[in-house]
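A look at the structure
As a plain string of letters, each chain reads:
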Amino acid sequence: MAEIIKYSEEDLVELLRSNDKSAFEYLYDNYSGALYGIIFKIISDHEQAEDVLQEAFVRIWNNFSAYDPSKGRLFTWMLNITRNLTIDTTRSKSFKKQSKIQSSEKAVDYASNNNNEKERFDALGIRNQVSLLKEDYRQIIVLSYFEGFTQDEISKKLGIPLGTVKTRMRAAIFELKKILQT
Amino acid sequence: MNQEEFISSGLLELYATGISSVEETRIVEDYLKQFPELREELKEIEISLENYAQANAIRPSSSVKEKVFDRIFPDATVTEEKNKISPVIPINRNPQSNLLFKLMAAASFILLLGSIALNYTYYHKYSNANEQLQIAQQKIDHQEKSNLAMTEDLNVMTNKYAQPVVLNGTPHAPDALAKIFWMKNTGQVYIDPTNLPQVPEGKQYQLWAIVDGKPIDGGMIATEKGIYHIQKMKSFGKVDAFAITLEKEGGSPTPTMDEMIVSAKM
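These remarks concern the structure in this document. Note that this is a predicted model, so its numbers are computed, not measured. (Residues numbered from 1 in each chain as written. Chains lettered and ligands numbered in written order. Predicted model: local features only at pLDDT ≥ 70, side-chain atom pairs only at ≥ 80, totals over all residues. Heavy atoms only, no water.)

**Some points on the overall build of chain B**
Threshold: Secondary structure elements are taken from DSSP: a helix is a run of H or I of four residues or more, a strand is a run of E of two residues or more, and numbering for both begins at the N terminus. Any residue under 20% of the maximum accessible area for its type is buried, any over 50% is exposed, and the rest in between are partly exposed; the area is computed with a 1.4 Å probe on protein chains only. We call two residues contacting when some pair of their heavy atoms lies within 4.5 Å. Here the open area of atoms and residues is found with the Shrake-Rupley method and a 1.4 Å probe, where only the protein chains shown may cover a residue.
A tally of helices and strands in chain B yields seven helices and eight strands. Burial status across chain B gives 34% buried among its 266 residues. Considering only contacts in chain B between residues 6 or more positions apart, those separated by 24 or more positions represent 56%. Carbon and sulfur atoms make up 57% of the accessible area of chain B, which totals about 17,400 Å².

**Brief notes about the packing of aromatic side chains**
Note the cut-off: When two rings of Phe, Tyr or Trp (its six-membered ring) have centres within 6.5 Å they constitute a pair, described as stacked for plane angles under 30 degrees, edge-to-face for angles over 60, and tilted for the intermediate range. Lysine and arginine charges are scored as sitting over a ring when NZ or CZ, respectively, is within 6 Å of the ring centre and within 35 degrees of the ring normal.
Tallied over the full model, the rule gives 20 aromatic pairs over all chains. Ring geometry for F64 of chain A versus W77 of chain A: centroids 5.7 Å apart, planes at 90°, classification edge-to-face. Taken together, the residues span a long stretch of sequence, with F64 of chain A in the loop between α3 (46-62) and α4 (74-91) and W77 of chain A in helix α4 at a distance of 13 residues. The exposure class assigned to F64 of chain A is buried, which follows from its relative accessible area of 5%. An angle of 5° between the planes, with centres 4.2 Å apart, marks the rings of F6 of chain B and Y31 of chain B as stacked. Placement of the pair is F6 of chain B in helix α1 (residues 3-8) and Y31 of chain B in helix α3 (residues 22-34), with a sequence separation of 25 residues. Chaining the aromatic ring pairs together yields one cluster made of F24, Y28, F57 and W61 of chain A together with F69 and F73 of chain B. The ring of F69 of chain B carries K65 of chain B above its face, with NZ or CZ at 5.8 Å from the centroid.

**Describing the interface of chain B and chain A**
Put simply, the test is: Buried area: the accessible area, evaluated with a 1.4 Å probe, that two parts lose upon being put together, summed over both parts. Just to be clear on terms, a salt bridge is a Lys or Arg side-chain nitrogen sitting within 4 Å of an Asp or Glu carboxyl oxygen. Within 3.5 Å is the distance limit for a polar contact, defined as a pair of N or O atoms, with the added protein rule that one can donate a hydrogen and the other accept it, and that residues adjacent in sequence qualify only through two side-chain atoms.
Between chain B and chain A, the contact holds 47 residues from the first and 62 residues from the second. By the criterion of area lost to chain A, the three top residues of chain B are Y52, I58 and R59 of chain B, representing 16% of everything that side buries. When the shortest N-O distance is used, the salt bridge between E50 of chain B and R73 of chain A registers 2.9 Å. Linking chain B with chain A are 17 residue pairs in polar contact (both at pLDDT 80 or more).

**Some details on the nonpolar core**
All names here are of chain A. Inclusion rule: The definition of a nonpolar core used throughout is a set of buried Ala, Val, Leu, Ile, Met, Phe, Trp, Tyr and Cys residues joined through side-chain atoms within 4.5 Å.
One finds L16, F24, L27, L74 and I141 to be the most contacted residues of the largest nonpolar core, which totals 76 residues. Examining the composition of this core, we find that 12 residues originate from one element, helix α2 (residues 21-42), more than from any other. Setting aside anything within four residues of it in sequence, one finds L27 in contact with L12, L16, S32, F57, I60, L74 and M78.

**Considering the sheet that holds strand β2 (residues 177-183) of chain B**
All names here are of chain B. The condition that has to hold: We call two strands paired when DSSP finds no fewer than two bridges between them.
The eight strands are arranged β5-β4-β7-β8-β1-β2-β3-β6 in an open sheet whose pairing can be described as antiparallel. At either margin of the open sheet sits one strand with a lone partner, and together these are β5 (214-221) and β6 (231-232). With five bridges connecting them, strand β7 (residues 241-248) and strand β8 (residues 260-265) associate as antiparallel partners. The residue of β8 that forms the bridge with T245 is M260.

**Quick look at the pattern of salt bridges**
Under the counting rule described, the total for this entry stands at 15 salt bridges over all chains. We note a salt bridge from E9 of chain A to R73 of chain A, for which the minimum N-O separation is 3.3 Å. Highlighted residues: E9 of chain A in helix α1 (residues 9-17) and R73 of chain A in the loop between α3 and α4, separated in sequence by 64 residues. The same class applies to E9 of chain A and to R73 of chain A, which are both buried. The partner of K234 of chain B in a salt bridge is D217 of chain B, with the nearest N and O atoms 2.7 Å apart. Taken together, the positions of K234 of chain B in the loop between β6 and β7 and D217 of chain B in strand β5 put the pair 17 residues apart, joining distant regions of the chain. Here K234 of chain B falls in the partly exposed class, since its relative accessible area comes to 41%. Salt bridges sharing common partners tie together E9 and R73 of chain A together with E50 of chain B.

Below, the structure written as structure tokens:
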């Protein structure tokens, strides 16, 4: 059994900059699930979604020198790479040809059947907590943070003015912080 | 905007979720540079979003990790395997292990004996089961054959062209009876000999068709083993009468009139 190591974000970034394999393994073990959850929200086909995840981690490794901690956290940066790659994939010709429509229930089943014992924290507990989030707030976070829609697109999708997108987003995150603190 | 106004503008949230416009992103990054204490504010937003993403995590299959690592560290797995040297386990020769060895050998021997006994019983059971299976198989075969014969019989009897002809017993054998199914379209003749008397040793029934006053051989009727099924005889286009005589085995060129058992005029 490998001992469980917990890196601070600063240490992890430092090790990754020196191409440390075990740090990258830690990165994969702790974040692959969260990133995969986001990819699968957009591409509901496990085979294709897993290809994107694979590509995303290779990019994260190859472009690590481009990460600037002063602009945000490591996960935010990784998520941006992953989300852009996912959206690019859905726009590619080969994807349109073979894209399959799958129900979101399937994703839920898949998630609940896969206990990620390497999760940094009690995901199940947090799952229950975030389910308390109001539907309006959940929608706006999923559309922006998970699916990468622009403010314009969100305003059209939800039928709300552009200004409301900003205020609702702030309220949604405020609510999310509150839920996660209790 | 001062710091307070900046925080309440919601720009940090848009920036953290990745949907701030190019202009908004520039503003946020400027503020972060100018007021490093804002980074704490951003960090909190990012952590809550990160936790939300973790709450929606889905575990990918383990093959993805392998593929990623194979691509990033292509030589790693090979060298690791090369470096793996099988540990050498010294053979221990102290008396204690010798006793242990003896005990284990004894235990193995007992197990072997038990195994032989079990093998014997199971083989016995297996042979028995096999025998019974074969008997059952034979029964099924037999049933299948008779089913097939019955189906054939039914096909003849229910054929729409079949004209049934009843051959009644002669004074010679008043209880005898035979049925003929004569296919009007093809002239084929089928006979059902079920109600003919038992054939004496060395004898056989022969069918005759009387055409223009002359008896013509219609074929020998098979009655072996007592299973009488409808059987196909010779074909006739035109017949005045049918008759069955008892002849010596193999048949006779002319009918023995004294031994006529049944007959029917058309």
